[in-house]
2 protein chains.
Amino acid sequence: MQSGRSRVIVEGAAPQVDGGRYPAKRVVGEPIDCACDLVSDGHDAVAGRLLYRRAGTKEWAEAPLAPRGNDRFGASFLATSTGRWEFTFEAWIDHFTTWARGLAKKAAAQQDVTLDLLTGAKMVAAATARAKSLVENEALSRAAALLGDPAMDLHARVAQATSPELARVMADNPDRSHASRLDEPLALTIDPKLARFGAWYEFFPRSSVGRASLEPLRHRTLREAEERLPYVADMGFDVLYLPPIHPIGRAYRKGPNNTLTAGPDDVGSPWAIGAAEGGHKAVHPELGTLDDLRRFVARARSLGIEVALDVAFQVSPDHPYVKEHPEWFLKRPDGSIQYAENPPKKYQDVYPFDFECDAWESLWTELTSVVTFWAEQGVRVFRVDNPHTKSLRFWERCIAEVKAQYPDTVFLAEAFTRPKLMYALAKMGFSQSYTYFTWRHTKEEFTEYLRELTRPPVSDFFRPNFWPNTPDILPEHLQYGGRPVFVQRLILAAMMSASYGIYGPPFELMEHVARPGAEEYIDNEKFQLRSWDVERPDSLAGLIGKVNRIRRENPALHDNRISFHHTDNPHLLCFGKRDASGENVVLCVVNLDTNHTHAGWVELDLPALGVQPHERYQVHDLLADARYQWSGTRNYVELDPRVTPAHVFRIRKHVRTEHDFEYFL
Amino acid sequence: MQSGRSRVIVEGAAPQVDGGRYPAKRVVGEPIDCACDLVSDGHDAVAGRLLYRRAGTKEWAEAPLAPRGNDRFGASFLATSTGRWEFTFEAWIDHFTTWARGLAKKAAAQQDVTLDLLTGAKMVAAATARAKSLVENEALSRAAALLGDPAMDLHARVAQATSPELARVMADNPDRSHASRLDEPLALTIDPKLARFGAWYEFFPRSSVGRASLEPLRHRTLREAEERLPYVADMGFDVLYLPPIHPIGRAYRKGPNNTLTAGPDDVGSPWAIGAAEGGHKAVHPELGTLDDLRRFVARARSLGIEVALDVAFQVSPDHPYVKEHPEWFLKRPDGSIQYAENPPKKYQDVYPFDFECDAWESLWTELTSVVTFWAEQGVRVFRVDNPHTKSLRFWERCIAEVKAQYPDTVFLAEAFTRPKLMYALAKMGFSQSYTYFTWRHTKEEFTEYLRELTRPPVSDFFRPNFWPNTPDILPEHLQYGGRPVFVQRLILAAMMSASYGIYGPPFELMEHVARPGAEEYIDNEKFQLRSWDVERPDSLAGLIGKVNRIRRENPALHDNRISFHHTDNPHLLCFGKRDASGENVVLCVVNLDTNHTHAGWVELDLPALGVQPHERYQVHDLLADARYQWSGTRNYVELDPRVTPAHVFRIRKHVRTEHDFEYFL
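Each value, and the rule that gives it
- Residues numbered from 1 in each chain as written.
- Chains lettered and ligands numbered in written order.
- Predicted model: local features only at pLDDT ≥ 70, side-chain atom pairs only at ≥ 80, totals over all residues.
- Heavy atoms only, no water.
- Helix = DSSP H or I, 4+ residues; strand = E, 2+ residues; numbered from the N terminus.
- Buried < 20%, exposed > 50% of the residue type's maximum accessible area, 1.4 Å probe, protein only.
- Contact = heavy atoms within 4.5 Å.
- Areas by Shrake-Rupley, 256 points an atom, 1.4 Å probe, with all protein chains shown as cover.
- Lys, Arg positive; Asp, Glu negative; His and termini not counted.
- Charge placed at Lys NZ, Arg CZ, Asp CG, Glu CD.
- Phe/Tyr/Trp six-rings, centres within 6.5 Å; stacked < 30°, edge-to-face > 60°.
- Lys NZ or Arg CZ within 6 Å of the ring centre and 35° of its normal.
- Buried area = accessible area lost by both parts, 1.4 Å probe.
- Salt bridge = Lys/Arg side-chain N within 4 Å of Asp/Glu carboxyl O.
- Polar contact = N/O pair within 3.5 Å; in protein donor to acceptor, adjacent residues only side chain to side chain.
- Arc of directions from axis to C-beta.

J.: Help me understand the overall build of chain A in this model?
T.: Within chain A, the secondary structure is distributed over 17 helices and 33 strands. Along the first, second and third principal axes, the C-alpha set of chain A runs to 105 × 65 × 45 Å. Expressed as a percentage of the 665 residues in chain A, the buried residues total 59%. Long-range contacts, defined here as pairs at least 24 residues apart, represent 74% of the contacts in chain A between residues at least 6 apart. Approximately 26,800 Å² of chain A is accessible, and the part contributed by carbon and sulfur atoms is 52%. Each charge class in chain A was averaged separately, 79 positive and 89 negative side chains, and the resulting centres sit 1 Å apart.

Rendered as structure tokens:
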């Protein structure tokens with residue numbers, strides 16, 4: 001408990017998640033803004049510091065708190081490494097400043113300040129003992145002597161008392177004996193930037209592409225898949241996510257198009273993990289060896305790509321765990337192991353773990369060791385399959401343990417489930433998550449959803465990753481909309497969310513045929529080998545490369561902060577992004593109707609874009625490399641989706657040099 | 001820590017203040033609604049209970065949680081006594097319900113459910129050990145036997161498994177071995193209803209009223225002031241607040257109109273507390289004795305009025321504390337005690353306590369004993385003068401200690417200060433507070449301010465008390481607006497806020513002359529004796545009585561929940577109130593321009609008022625006793641402020657009896 005003499009209350013601290021129960025998420029190497037309310041009685045001046053440190057270290061670093069109005073104060077700091085950090089605030093009544101302000105007013109009102117000067121002299125003399133250097137000590141001693149010396153000129157004493165120099169030295173050596181803090185420090189998870197910003201590409205390494213697609217179809221290896229890496233790198237992707245690479249079970253193996261009867265040559269679903277050849281820590285022999293995987297990861301990294309592995313905590317009936325650890329599974333009354341169900345549907349090819357079993361601790365330890373095993377092989381990014389069907393507290397412990405060893409790891413939650421469960425997974429430690437983006441279409445839907453995702457409290461713990469398609473989801477609009485829809489969904493995902501991803505080559509090749517009655521691809525790679533002619537002239541690969549270059553070159557797109565701008569046409573969506581420095585500003589206008597040309601007036605919220613009301617500015621379409629001179633809030637836009645469904649403008653502000661030569665930054 | 005097997009996360013609990021740091025406030029004898037999110041992995045059924053108890057007792061009482069959609073659950077309970085209570089939530093996976101749902105689906109799909117029935121039989125058999133009665137035990141045993149008996153008819157076994165009776169008994173005896181709770185219970189302060197709902201009247205007992213006002217002016221006593229109680233009771237007030245009744249200091253006593261030189265007959269300000277005759281625990285001899293005060297309190301209570309005393313923690317230089325406890329005050333370098341200052345202004349008649357002094361603990365103890373002293377005399381309501389200039393943590397401890405002994409006490413904070421400090425005082429324990437109402441005028445101002453005050457988070461800890469005037473504040477609109485403004489401000493205060501108050505007789509006599517250059521009454525009772533002719537025919541006393549009767553008779557006005565309704569005239573403010581049962585609905589339309597008649601259309605939010613879209617209803621003006629037949633959302637209103645600036649409607653819903661005789665409830 002704090003002493004009764006601590007008159008400042010520290011409250012409303014930010015960032016915090018659920019009253020401090022969970023860490024807030026931030027990114028290494030960027031200033032982290034922290035703020036709080038400092039509430040104290042009366043009208044005395046208040047001062048304080050932000051205290052921050054890496055968790056586990058003892059010493060706090062400090063930054064002075066600056067007032068932001070309405071009793072709010074703030075400061076920022078740079079977390080210099082990934083991992084767990086913590087911060088708190090310390091605040092106290094600033095008696096010296098209170099006194100100096102009063103003295104100045106009294107002196108201005110020609111009042112007798114003789115006694116007041118003695119009060120101040122005492123405060124300054126006391127500060128000498130706290131001085132951090134001999135220079136400060138001497139400055140304070142001199143000031144105290146002058147203030148307290150009745151023989152000296154009164155004006156000189158008042159001038160000394162109210163001088164900015166003395167104020168600075170006193171502020172640097174405050175009396176914190178009655179300081180208050182938060183009851184508990186608040187925690188931060190400091191992630192690599194990739195946890196927030198990255199373009200993801202998913203492919204099945206066993207498939208064939210390019211020239212190889214002309215050959216007869218066969219199961220490709222990781223060594224062969226390496227040849228596809230330059231193609232992915234050329235498109236500018238940051239992460240390459242591979243479906244599970246482990247041995248695939250044979251029991252109840254699914255055939256093409258999710259049929260129940262697989263032939264002897266059917267390759268099975270990579271998510272049916274585990275066979276005689278091994279389980280979650282093994283590489284499927286048909287893909288290669290552990291060495292091949294390490295080589296693949298290293299080769300990708302040399303091209304600027306992180307490989308993401310799939311973490312799917314479920315087993316095929318052939319998985320070694322089933323025999324070695326029957327205690328981890330639920331048993332039916334006949335002694336058999338309970339397969340997955342969604343009554344009346346049965347999934348006999350999948351055994352779920354029983355997270356409530358008596359042996360839960362050994363189960364949790366083993367599953368966590370699966371992730372650290374792959375981290376040891378050099379993998380730093382994990383896409384977790386269906387995390388919402390595994391115990392939340394398990395994830396909290398698993399991710400904390402992995403990140404304690406490998407603070408640079410990134411976990412993407414593949415959760416498409418109830419809103420509160422999506423958010424709970426993020427609180428448990430997932431770095432980012434799939435979202436409802438895939439099923440959002442209208443201006444109102446995007447505006448409402450993005451406002452929720454990109455502002456506290458949600459933005460402090462949940463980071464979105466927008467996917468126009470996945471192997472599980474071929475949404476209806478992609479089935480029927482043709483190229484304009486693919487382009488539009490690509491731009492929406494890539495521009496609205498700092499992280500986005502596509503499942504290719506089906507995306508860039510605009511695959512659109514669904515299995516009848518399902519929102520899923522026909523002849524899905526999940527169940528069979530495919531080959532892809534990525535050299536097709538209509539491929540979107542070039543456009544994707546351009547979009548990813550725009551993303552990399554514009555820091556505004558590296559974060560999720562967004563502003564929406566009014567348009568007078570319901571089909572035109574207009575949003576802006578601006579980086580922390582305010583220098584880089586991107587403005588997008590998207591025609592949401594991919595069947596018709598739409599035109600209208602956009603009404604820009606100029607302060608949100610950092611543009612002055614009467615400033616001229618240029619909007620530079622980075623996709624079409626066209627430039628338009630705009631001014632004021634209202635500007636006209638027309639978009640023909642057959643040409644392009646969107647403008648991606650960089651706002652270039654008007655600068656007039658001393659030689660009256662105009663250019664745009 | 002909860003076991004890893006607890007799969008439910010309890011979060012988003014309400015009500016809570018600052019993550020549980022401070023208690024939320026509720027009122028005795030009313031259902032208290034509590035809610036939380038229960039988030040668990042997967043799709044299993046979840047069940048839970050609200051647990052609640054008086055703080056300090058051991059046993060929890062329980063109420064089952066009902067789903068409210070989107071993973072939110074709630075229940076309510078009745079706090080049967082004032083004081084500190086606490087609550088938490090407990091929740092678990094409901095395996096039986098999950099199983100029964102699945103069984104019903106499988107059976108409907110004609111699947112073999114033999115094994116499933118055995119699984120269920122085991123669950124039901126296990127529940128027998130938890131049965132709370134022999135009857136339940138037997139019912140469960142019978143059900144388990146039937147479910148598990150392969151010799152019995154399959155249809156009968158499925159019917160038993162999915163029967164509502166079995167579901168009920170299983171829900172009453174759940175398996176809570178892996179239940180989760182909040183990390184810590186949440187606290188509630190249960191107050192008497194007066195903490196939220198009450199009409200306050202302030203008068204100076206030393207002044208003269210009525211017939212006595214014709215006599216020569218003299219200092220009246222508490223005995224004489226007793227005669228004024230029926231007048232206050234007739235106006236329907238619930239609380240009578242007296243300025244400080246303690247001996248008044250002579251040093252630096254203020255004269256009439258806050259002048260610095262008092263004559264020998266000047267009575268001084270009651271807030272200059274303390275003289276040779278005693279301090280904060282004494283009664284000013286000119287008012288009478290402690291006995292007189294107790295008699296006054298009892299007489300008031302017999303008329304339905306609670307007496308509120310003023311708690312002003314500051315002293316006159318003549319206060320006994322100054323000699324007896326110089327350690328509680330700040331000393332100047334010359335050894336004199338530091339008087340109050342707001343540089344360059346000096347208040348030499350007032351010594352503030354130094355809440356940071358070394359002897360802070362004895363100071364806090366003594367000040368707390370001042371409040372308990374008056375509580376021992378029967379006083380239960382305290383209006384605290386300038387609490388924002390005393391240490392916040394002092395109030396937290398003081399109010400907690402007083403309420404531990406006297407849980408029925410009500411503390412009104414007389415704070416007109418910064419918004420966060422107003423709210424911090426409420427968090428420290430003040431039951432209610434003065435507000436910015438006095439300076440709010442426009443439709444936007446009222447709407448914004450009331451929305452902030454009447455919804456969580458603010459409404460969970462802060463309760464408003466609206467005052468059109470106080471001895472310190474004669475706002476400009478009352479100085480120049482005449483009767484229409486007095487009537488309008490009265491109705492606004494009394495209808496918008498469950499607690500409101502006036503300083504009389506100046507209010508009902510429409511005193512409006514200010515001391516030049518100040519927002520304060522001329523010849524203020526704070527500094528001199530006054531006499532008031534409350535029999536004046538233009539007095540607002542009759543109207544005030546009617547307004548207070550309307551308040552008492554309409555439960556909708558006993559709470560601060562409010563809805564605002566659109567009007568097409570910026571001068572017309574329309575708001576509605578509805579009690580918890582939904583039966584009592586009051587709708588007010590106020591002309592905010594007291595100089596001109598205004599008319600317009602109100603656009604009612606019918607669901608907020610509990611009216612069906614096509615229902616006819618009557619609006620009954622309770623002030624004018626006029627009735628209008630309304631229907632639908634749009635209705636016309638015209639208000640001439642010279643007649644009345646407001647309609648105060650009770651909405652009476654249309655009822656058609658079986659004999660086709662219509663009436664309105």
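J.: What's the story with the packing of aromatic side chains in this structure? I'm lost.
T.: When we look at a pair of aromatic rings, we describe it by the centre distance and by the angle of the planes. All names here are of chain A. Overall, the coordinates contain 79 aromatic pairs over all chains when judged by the stated rule. Seen from their ring centres, Tyr423 and Phe462 are 5.1 Å apart, and the 80° between their planes marks the pair as edge-to-face. On the criterion of sequence distance, the pair formed by Tyr423 in helix α12 (residues 419–428) and Phe462 in the loop between α13 (443–454) and β22 (465–466) is long-range, its members being 39 residues apart. For the pair Tyr423 and Phe462, a shared accessibility class is recorded, and that class is buried. Aromatic side chains Tyr434 and Trp467 sit 5.3 Å apart centroid to centroid with 15° between the ring planes, which places their arrangement in the stacked category. Here Tyr434, found in the loop between β21 (432–433) and α13, pairs with Trp467, found in the loop between β22 and α14 (476–480); they are 33 residues apart in sequence, far enough to count as distant. We note Lys427 situated over the ring of Phe461; from NZ or CZ to the ring centre the distance is 5.2 Å.

J.: In this structure, what is going on with the interface of chain A and chain B? I would like to understand it.
T.: Many descriptions give the size of an interface as the accessible area lost when the pieces come together. In this complex, chain A contributes 57 residues to the contact, which on the side of chain B involves 57 residues. Interface of chain A and chain B: buried area, both sides summed, is about 5,100 Å²; carbon and sulfur atoms make up 52% of it. In terms of surface lost to chain B, no three residues of chain A exceed Arg5, Glu356 and Lys420 of chain A, which account for 15% of the buried area on that side. Our count for the chain A to chain B interface comes out at 14 salt bridges. Put simply, Lys420 of chain B and Asp37 of chain A hold a salt bridge, and the shortest N to O gap is 2.8 Å. Applying the counting criterion to the chain A and chain B interface returns 28 residue pairs in polar contact (both at pLDDT 80 or more). Of all the secondary structure elements, the ones that give two or more residues to the side of chain A that touches chain B are β1 (8–14), β3 (31–40), α1 (95–108), α2 (114–128), α10 (360–376), α11 (392–405) and α12 of chain A. Here the element with the most residues in the side of chain A that touches chain B is α12 of chain A; it accounts for six residues.

J.: Sorry, what's going on with helix α12 (residues 419–428) of chain B here?
T.: Note that an α-helix has 3.6 residues per turn; residues three or four places apart therefore point the same way. Residues and elements named next belong to chain B. The element α12 is extensively covered by neighbouring structure, given that nine of its ten residues are classed as buried. Every buried residue of α12 is accounted for by Lys420, Leu421, Met422, Tyr423, Ala424, Leu425, Ala426, Lys427 and Met428. Phi turns positive, to about 135°, at Gly429, one or two residues after α12.

J.: I tried to follow the pattern of salt bridges on my own but got confused; where do I start?
T.: Pairs can form between side chains of opposite charge whenever their charged atoms are close. The final tally for this structure, using the stated rule, is 98 salt bridges over all chains. Taking the shortest distance from any N to any O, the salt bridge between Glu62 of chain A and Arg49 of chain A comes out at 2.7 Å. Remark: Arg49 of chain A occurs in strand β4 (residues 46–54) and Glu62 of chain A occurs in strand β5 (residues 61–64); sequence separation between them is 13 residues. Residue Arg393 of chain B pairs with Glu396 of chain B through a salt bridge whose shortest N-O separation is 2.9 Å.

J.: Explain the environment of Thr80 of chain B to me, please; I cannot follow it from the model alone.
T.: Residues and elements named next belong to chain B. Its location among the elements puts Thr80 in the loop between β7 (72–78) and β8 (83–93). Among the residues examined, Thr80 registers a relative accessible area of 65% and is labelled exposed. C-alpha separation for the pair Thr80 and Gly48, spaced 32 residues apart in sequence, amounts to 23 Å. Here Thr80 is in contact with Val28 and Trp85, once residues within four sequence places are set aside.

J.: Any chance you could explain helix α5 (residues 164–172) of chain A here in plain terms?
T.: Residues and elements named next belong to chain A. For α5, the set of buried residues is Leu166, Val169 and Met170. Each buried residue of α5 lies within a common arc of 100° when the element is viewed along its axis, so the set occupies one face. Residues of α5 that are buried in the fold lie against α1, α2, α3 (134–147) and α4 (154–161).

J.: Even after reading the chapter, I still don't get unusual backbone geometry, so can you show me in this structure?
T.: A negative phi angle is the norm for most residues apart from glycine, just as the trans form is the norm for most peptide bonds. In this chain, Gly504 of chain A is followed by Pro505 of chain A through a cis amide linkage whose omega measures -5°. The peptide bond linking Pro456 of chain B to Pro457 of chain B adopts the cis configuration, its omega dihedral lying at 5°. Checked against the element boundaries, Pro457 of chain B lands in the loop between α13 (443–454) and β22 (465–466). Even without a glycine there, the phi angle at Asn258 of chain A is positive, about 65°. Structurally, Asn258 of chain A can be placed in the loop between β13 (239–241) and α8 (290–302). With a phi close to 45°, Asn386 of chain A is a non-glycine residue in the positive phi region. Following the sequence through the fold, Asn386 of chain A ends up in the loop between β19 (381–385) and α11.

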